[in-house]
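Examining the three-dimensional arrangement
Spelled out from the first residue to the last, the chains are:
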Amino acid sequence: MGPLFDILGGLVLVAGTAFLLLGGLGLNRMPDVFNRIQAGTKATTLGTILTLTGIAMMHPDWALKLLLIGMFLLFSNPLSSQVLARAAERTHVHKTSRTRIDRFEQDHKGDKA
């Protein structure tokens, strides 16, 4: 479309890459699997959406395909995160000692009896 969209697309692409980098750092730095799942899912979802948006701004003819990929990610990332967290909870993966509030345990205390 023009040099303005190329510059804006490049900036959005760099922002998306930064979120992906921070998501990877969060996966490495978080103390337990539940925090890693959250850091990985939220940061990588936003990072990927921003990256796809930046590419769409730089290549408008790919926009429809990138939109479909982005919609798939918006549906599948939270679902896969929930499935991983539920599997970790069911297999009794240890939480960090710094975990103060466990909503799942509070909601399901009566289910274990």
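Residues numbered from 1 in each chain as written. Predicted model: local features only at pLDDT ≥ 70, side-chain atom pairs only at ≥ 80, totals over all residues. Heavy atoms only, no water.

**Points about the overall build of the chain**
Broken down by element type, the chain carries four helices and zero strands. For the chain, the succession of helices and strands along the chain, N to C, is α-α-α-α. Expressed as a percentage of its 113 residues, the buried residues of the chain come to 25%. The contacts of the chain with a sequence gap of at least 6 include a subset with a gap of at least 24, amounting to 72%. Just so you have it, the chain exposes about 8300 Å², and 68% of that area is on carbon and sulfur atoms. (Helix = DSSP H or I, 4+ residues; strand = E, 2+ residues; numbered from the N terminus. Buried < 20%, exposed > 50% of the residue type's maximum accessible area, 1.4 Å probe, protein only. Contact = heavy atoms within 4.5 Å. Areas by Shrake-Rupley, 256 points an atom, 1.4 Å probe, with all protein chains shown as cover.)

**As for the confidence of the model for the chain**
For the chain, per-residue confidence averages 88 on the pLDDT scale, and 88% of positions sit at 70 or higher. Mean pLDDT across the elements of the chain bottoms out in helix 4 (residues 103-107) (67) and peaks in helix 1 (residues 3-29) (94). (pLDDT = per-residue confidence, 0-100.)

**Topic: helix 3 (residues 63-90)**
If you check helix 3, its first and last C-alpha atoms are 40 Å apart, about what 28 residues at 1.5 Å a residue would give, namely 40 Å. Buried within helix 3 we find L66, G70, L73, S76, N77, S81, A88 and E89. H92 sits one or two residues past helix 3 and shows a positive phi near 60 degrees. (Expected span 1.5 Å × (residues − 1).)

**Examining the side chain of S81**
By the secondary structure assignment, S81 is in helix 3. Overall, the relative accessible area of 14% leaves S81 in the buried class. Here S81 is in contact with I37 and T41, once residues within four sequence places are set aside.

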